[in-house]
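# Observations on chain architecture
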Amino acid sequence: MADGIEQKSSNQMWGGRFASGPSAIMEEINASIGFDKKLYAQDIRGSIAHATMLASKAIISGEDKDKIITGLNTILSEIESGSFEFSRKLEDIHMNIEARLADLIGPAAGRLHTARSRNDQVALDFRLWVKEELQKTEQMLTALIAAFLDRAEEHADTVMPGFTHLQTAQPVTFGHHCMAYVEMFGRDRARVRHAIEHMDESPIGAAALAGTGYPIDRHMTAKALGFREPTRNSIDTVSDRDFALEFLSIASICATHLSRLAEEIVIWSTPQFGFIRLSDAFSTGSSIMPQKKNPDAAELVRAKTGRINGSLIALLTIMKGLPLAYSKDMQEDKEQVFDSAESLELAIAAMTGMIRDLEVRVDKMRDAAGSGYSTATDLADWLVREAGLPFRDAHHATGHAVALAEKKGCDLADLSLEDLQAINPAITEGIFDVLSVEASVASRTSFGGTAPSEVRKQIAWWRARN
């Protein structure tokens, strides 16, 4: 960067209001270039659209517009090549770019800021960045859903225990369990899509808070920047960070889903469960215990949730007491969003890789599926359906059967017909058709149930929409 940039203080950029330069403390607390330089591409894109509109309305000359666009493209190349020198004295990305533009093209650079403020400029840059990040998140969630659909199809018939309270409840299929996460991440993706639609309005042209007296065309800049339409109230436009809050809210919910999945992966990969084996790509060893294979990637995904949730609470707290319109407090919005976006991207990518790579131990799942008398509900349902008992009576009789099996140290399917008839004489040989885990899952054919036939229907439905 030219020497002239370093010689310009932020007060010189402001004009004549302040005679002396900022103190070191003020410079430190005021500068945001350390993090908002991430918005450089959005800032340049917005400025090009703004300059083009100004020229189309004869607010600036076509010659100045061409100089401005050429200069901005030069700055974009400098930043992307790493030759651009960012200055803390120039506070933020907007003033760094504006100062460099002045070095490159002279007085024409000063005309770029006509009919806009840093208030609507930063609102535009940040909104563009969040919109692009949401679009990226949508693509990553689609890939994660696809990974689950593949595993669900592969294991539509693989039986495993279903849990409530982390206690064996009823047999399910691993495919059905995978499809539960498809539903969860599908809701996350729907929230992402809604947020994109919700925020698809252009802030530029709201100026400081009151709009502008120049004959600008906000619909033109909105279209040029890929927005549906311009925002409709200039005060709200520069005050609004709902789009950032919505992003963080979506990220927190999605991270919670990822954390629940990570918790199951951690549990399932223990020797005590042994349902899955993680690949070496997503595991580490112990520094002292050579036999260990630690699910570190899953644990770190689980931990990212606290970080993302913290960002949401931080920004909610920042925004909760601000009067309209813009306050400098809002400078603290970006680091929370940038950090959460990075954490969420990494967590989704890691989980997609783990789901695709993990080895499912079918035999271990099958052995565990029948534990804890998991077909007891099937026994009760049979008594209702075949013997005509009220469900509460059937529930009571089944409890006796479970107690007897516990006493004998066997599964329900291993009790004799005589044992079961002693509990209720209406029981016949047909009872043994429902006491296996395979028969149990096959019977759950209600819409959204765990029966392999129903799981395959849901897989087909999701594949048509993914």
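That block above? That's the structure.
Definitions and limits used
- Residues numbered from 1 in each chain as written.
- Predicted model: local features only at pLDDT ≥ 70, side-chain atom pairs only at ≥ 80, totals over all residues.
- Heavy atoms only, no water.
- Pairing = 2+ DSSP bridges.
- Helix = DSSP H or I, 4+ residues; strand = E, 2+ residues; numbered from the N terminus.
- Phe/Tyr/Trp six-rings, centres within 6.5 Å; stacked < 30°, edge-to-face > 60°.
- Buried < 20%, exposed > 50% of the residue type's maximum accessible area, 1.4 Å probe, protein only.
- Lys NZ or Arg CZ within 6 Å of the ring centre and 35° of its normal.
- Salt bridge = Lys/Arg side-chain N within 4 Å of Asp/Glu carboxyl O.
- Axes fitted to C-alpha atoms, helices over the stretch in contact; angles between N-to-C directions.
- Parallel < 35°, antiparallel > 145°, perpendicular 65-115°, else oblique.
- Left-handed = near helix turned anticlockwise from the far one by under 90°.
- Contact = heavy atoms within 4.5 Å.
- Nonpolar A, V, L, I, M, F, W, Y, C, P; charged D, E, K, R; others polar.
- Polar contact = N/O pair within 3.5 Å; in protein donor to acceptor, adjacent residues only side chain to side chain.
- Core = buried A, V, L, I, M, F, W, Y, C linked by side-chain atoms within 4.5 Å.
- Arc of directions from axis to C-beta.

Time to look at the pairing of strand S1 (residues 159-164). Where S1 and strand S2 (residues 167-173) come together, six bridges link them in antiparallel fashion. When the sheet's bridge partners are listed, Val159 is paired in S2 with Thr173. Connecting S1 to the next strand, S2, in antiparallel fashion are two residues, including His165 with a positive phi near 60°.

Turning to the packing of aromatic side chains, a few remarks are in order. Scanning the model with the defined rule gives twelve aromatic pairs in all. Taking the centre distance of 5.5 Å and the plane angle of 75° together, the rings of Phe126 and Phe243 count as edge-to-face. Within this pair, whereas Phe126 is found in helix H8 (residues 118-154), its partner Phe243 is found in helix H12 (residues 242-268), the two being separated by 117 residues in sequence. A single burial state applies to Phe126 and to Phe243, both of which are buried. Between the aromatic rings of Trp268 and Phe275, the centroid separation amounts to 6.2 Å while the plane-to-plane angle is 45°, which identifies the pairing as tilted. Each of the two residues, Trp268 as well as Phe275, counts as buried. Taken together, the ring pairs in this structure connect Phe163, Phe174, Trp268, Phe273 and Phe275 into an aromatic cluster. The ring of Phe227 carries the charged tip of Lys131 above its face, separated from the ring centre by 4.9 Å. Above the face of the Phe126 ring, Lys334 is positioned so that its terminal group lies 5.3 Å from the ring centre.

Right, let's talk about the pattern of salt bridges for a bit. Applying the stated criterion to the full structure yields 32 salt bridges. Here Arg127 ties to Asp240 by a salt bridge, and the two come within 2.7 Å at their closest N and O atoms. Taken together, the positions of Arg127 in helix H8 and Asp240 in the loop between helix H11 (234-239) and H12 put the pair 113 residues apart, joining distant regions of the chain. Comparing Arg127 with Asp240, the two get one shared label, buried.

Time to look at the packing of H8 against H12. Look at H8 against H12: their axes get within 10 Å of each other, and the N-to-C directions meet at 25°. Viewed along their axes, H8 and H12 adopt a mutual orientation that is roughly parallel. The interaxial crossing formed by H8 with H12 has left-handed handedness. Counting all contacts with H8, which are made through Ala123, Phe126, Arg127, Val130, Glu133, Leu134, Thr137, Leu141, Leu144 and Phe148, the residues of H12 involved are Phe243, Ala244, Phe247, Ile250, Cys254, Leu258 and Leu261. Here the residues of the contact of H8 with H12 are counted per class, giving 14 nonpolar, one polar and two charged.

Mapped onto the elements of the fold, Glu454 is located in helix H20 (residues 452-463). Of the polar contacts made by the side chain of Glu454, one reaches the backbone nitrogen of Gly448; its length is 3.1 Å. If we ignore the near neighbours within four places in the chain, the residues touching Glu454 are Thr445, Ser446, Phe447, Gly448 and Gly449.

Inspection of the secondary structure assignment puts Ala143 in helix H8. Overall, Ala143 belongs to the partly exposed group, its relative accessible area being 34%. On a C-alpha basis, the gap between Ala143 and Thr445 in space is 28 Å, while along the polypeptide they are 302 residues apart. The contact partners of Ala143, leaving out residues within four places of it in the chain, are Thr352 and Arg356.

Below, the discussion takes up the environment of Asn30. Within the secondary structure, Asn30 sits in helix H3 (residues 24-30). For the pair Asn30 and Leu90, spaced 60 residues apart in sequence, the C-alpha separation works out to 9.9 Å. Setting aside its immediate chain neighbours within four residues, Asn30 contacts Glu91, Lys328 and Gln331.

On to the nonpolar core, then. Phe185, Leu258, Met351 and Met354 are the most contacted members of the largest nonpolar core, which totals 94 residues. Looking at which element gives the most residues to this core, the answer is H12, with 16 residues. Excluding residues within four positions of it along the chain, Leu258 makes contact with Leu144, Phe185, Val301, Leu344, Ala347, Ile348 and Met351. Tyr373, Leu389, Leu417 and Val434 belong to the second largest nonpolar core, which has 21 residues in total.

It is worth spelling out helix H15 (residues 362-369) at this point. Every buried residue of H15 is accounted for by Met365, Ala368 and Ala369. The arc enclosing the buried residues of H15, seen along the axis, measures out at 105°, which places them on a common side. Seen from the open side of H15, the exposed residues pointing more than 90 degrees away from its buried face are Asp363 and Asp367. Those residues of H15 that are buried are in contact with S1, S2, helix H9 (174-198), strand S5 (276-277), strand S6 (359-360) and helix H19 (437-443).

Let's shift gears to the packing of H8 against H9. Where H8 contacts H9, the two axes come as close as 9 Å, and the packing angle between them is 165°. What the angle tells us is that H8 and H9 run roughly antiparallel. Once H8 is placed against H9, the crossing between them reads as left-handed. A class-by-class count of the residues in the contact of H8 with H9 yields 15 nonpolar, five polar and six charged.

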